[in-house]
Amino acid sequence: MNLFNLFLKSVFVDNMIFAYFLGMCSYLAVSKTVKTSAGLGLAVTFVLVITVPVNYLINKYLLSPGALAWISPRLAEVDLSFLTYIFFIAIIAAIVQILEMIIETFTPSLYSALGIFLPLIAVNCAILGCSLFMQERGFSNVGEAAVFGLGSGIGWLLAIVAIAAIREKLRYSKIPKGLEGVGISFIITGLMGIAFMAFMGFKF
Amino acid sequence: MSNWKKLLIEPLRKTNPVMVLVLGICSCLAVTAKLKPALVMGASVTVVTAFSNLIISLLRKGIPSRIRIIVQLVVVSTLVILVDQFLKAFAYDVSKQLSVYVGLIITNCIIMGRLEAYALSHGPGESFLDGLGNGLGYSLILIIVAFFRELFGSGTLLGYQVIPQSLYEAGYQNNGLMILPPMALIVIGIIIWINNSKTESK
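Residues numbered from 1 in each chain as written. Chains lettered and ligands numbered in written order. Predicted model: local features only at pLDDT ≥ 70, side-chain atom pairs only at ≥ 80, totals over all residues. Heavy atoms only, no water.

### Examining the overall build of chain B
- Within chain B, the regular secondary structure consists of 10 helices and 2 strands.
- Ordered by position in the sequence, the α and β elements of chain B form the string α-α-α-α-α-α-α-α-β-β-α-α.
- Computed over its C-alpha atoms, the radius of gyration of chain B comes to 18 Å, within 12% of the 17 Å expected for a compact globule of 202 residues.
- The principal-axis extent of the C-alpha atoms belonging to chain B is close to 65 × 45 × 30 Å.
- Of all 202 residues assigned to chain B, the portion counted as buried reaches 50%.
- By sequence separation, contacts in chain B at least 24 residues apart represent 75% of the contacts at least 6 residues apart.
- Summed over all atoms, the accessible surface of chain B reaches about 9,300 Å², with 68% contributed by carbon and sulfur. (Helix = DSSP H or I, 4+ residues; strand = E, 2+ residues; numbered from the N terminus. Rg over C-alpha atoms; globule rule 2.2 N^0.38 Å. Buried < 20%, exposed > 50% of the residue type's maximum accessible area, 1.4 Å probe, protein only. Contact = heavy atoms within 4.5 Å. Areas by Shrake-Rupley, 256 points an atom, 1.4 Å probe, with all protein chains shown as cover.)

What follows is the structure, encoded as structure tokens:
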């Protein structure tokens, strides 16, 4: 598949939030102001661009059926795919930890912007979900996996900044009492999701 | 005894993880187009929450607090692997429908939230019940949402046709919008609204 095509598809059509509902928890919790949500969005994009290709390599050379053949032909029949979850989550947690340390040492300004969000990201379902989708779709090379990670991250960033902007404006509107806060955010996300569905066309 | 009951009943409504604490939304929305996957998902999450709470509670004195997140993730993902293999063996078609969302139980915030907030500071028995209660609270919402989406979206429940054929002949049509993912958000928004206004009026 054309890389640019894949990028656009993962940003709009397969948007992590509106099509798959991944990372909803932090999406709802952190989207109070545009500034913090942009910070979290950037951190998610950053981590996705790194974890998806790394997990792609892990999956290709370690976990998928027959992947161990490069070590010795005797291992060609080993299928470790049942270990996928534990490997992926361990890799993600480790990369997030390492990134946190690297960013803290080399770019303190970026660290103060992203800092509090980085530990949260290890348990953000968008990150693990993106790796699992990558495994399910079977991309043919690392480049495609990286582009998929980048696209999904940018899609997520777009979604969280959009809802944060709407919620900032919403503070001045009159909402039925029971609907205030979380309730209205759900309904707005639903409406935005319907709008995003126009990218793939309605199928009834 | 009343304490035990409280641990089980409170998360169903008063401290419901989905409605009140807004945790674990991700998977809650994606699997609710039909009732059957929702039931399976609810059961899986309940099992994982209950047992991970039990295990972490047993280990809580031995885990250094700096690396507790990793330990928790490992325990939870081991349990999820067990559930996943079980589903693949005994309910293959549902496991195909749930696809990646079984794996995403690992990062379900309800589980991490309960581990952090409860299991790390309470005994194994209580933690187990707390996990069970929260899992059930989550399943409850899942089932309510799936019930409405399947009823209005496909006119069936658990795959059996509920809306009579004569109604279709009289011009009734399934609401295709209900099957689309965004409707799940709107249904949950309405459930939260109803719940909030009920709690306030008391």
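### Overview of the interface of chain B and chain A
- Between chain B and chain A, the residue contacts involve 40 residues of the former and 41 residues of the latter.
- For the pairing of chain B and chain A, the buried interface totals around 3,400 Å² over both sides, and the portion due to carbon and sulfur atoms is 82%.
- Between the two partners, chain B and chain A, sit 0 salt bridges.
- Counting every contact that joins chain B to chain A gives 1 residue pair in polar contact (both at pLDDT 80 or more).
- Elements supplying a minimum of two residues to the side of chain B that touches chain A: α2 (25-30), α4 (68-90), α6 (100-103), α7 (109-117) and α10 (181-201) of chain B.
- Taken together, the residues of the side of chain B that touches chain A break down into 27 nonpolar, 11 polar and 2 charged. (Buried area = accessible area lost by both parts, 1.4 Å probe. Salt bridge = Lys/Arg side-chain N within 4 Å of Asp/Glu carboxyl O. Polar contact = N/O pair within 3.5 Å; in protein donor to acceptor, adjacent residues only side chain to side chain. Nonpolar A, V, L, I, M, F, W, Y, C, P; charged D, E, K, R; others polar.)

### As for the side chain of A:Asn55
Residues and elements named next belong to chain A.
- On the secondary structure map, Asn 55 appears in helix α3 (residues 34-63).
- What makes Asn 55 buried here is its relative accessible area of 0%.
- Apart from residues no more than four positions distant in its own chain, Asn 55 is found in contact with Phe 88, Ile 91, Ile 92, Ser 131 and Met 134.

### Overview of the environment of B:Ile110
Residues and elements named next belong to chain B.
- Within the secondary structure, Ile 110 is located in helix α7.
- The sequence separation of Ile 110 and Ala 30 amounts to 80 residues, and the corresponding C-alpha distance is 16 Å.
- Discounting residues that sit within four places of it in the chain, Ile 110 has contacts with Pro 17, Leu 23, Gly 24, Thr 49, Asn 134 and Tyr 138.

### Comments concerning the nonpolar core
- By size, the foremost hydrophobic cluster in this structure holds 111 residues, and its most contacted members are A:Leu22, A:Met24, A:Tyr27, A:Trp156, B:Met41 and B:Tyr101.
- If sequence neighbours within four positions are ignored, A:Leu22 has contacts with A:Met16, A:Ile17, A:Cys125, A:Ala126, A:Gly129, A:Phe133, A:Trp156, B:Cys26, B:Tyr101 and B:Leu104. (Core = buried A, V, L, I, M, F, W, Y, C linked by side-chain atoms within 4.5 Å.)

### Quick word on the environment of B:Tyr118
Residues and elements named next belong to chain B.
- With respect to the helices, strands and loops of the structure, Tyr 118 is situated in the loop between α7 and α8 (124-154).
- Judged by its relative accessible area of 12%, Tyr 118 is buried.
- On a C-alpha basis, the gap between Tyr 118 and Ala 146 in space is 29 Å, while along the polypeptide they are 28 residues apart.
- Once residues lying within four places of it in the same chain are set aside, the contact partners of Tyr 118 are Leu 7, Gly 113, Glu 126, Ser 127 and Asp 130.

### Description of the packing of aromatic side chains
Residues and elements named next belong to chain B.
- Within the structure shown, the criterion is met by 6 aromatic pairs over all chains.
- Note on Phe 51 and Phe 128: the rings are 5.4 Å apart at their centroids and 75 degrees apart in plane angle, and the pair reads as edge-to-face. Of this pair, Phe 51 sits in helix α3 (residues 35-59) while Phe 128 sits in helix α8, and the two are 77 residues apart along the sequence.
- Among the residues examined, Phe 128 registers a relative accessible area of 25% and is labelled partly exposed.
- Residues Phe 86 and Phe 90 carry aromatic rings whose centres are separated by 4.9 Å and whose planes lie at 45 degrees to one another, so their mutual orientation is tilted. (Phe/Tyr/Trp six-rings, centres within 6.5 Å; stacked < 30°, edge-to-face > 60°.)

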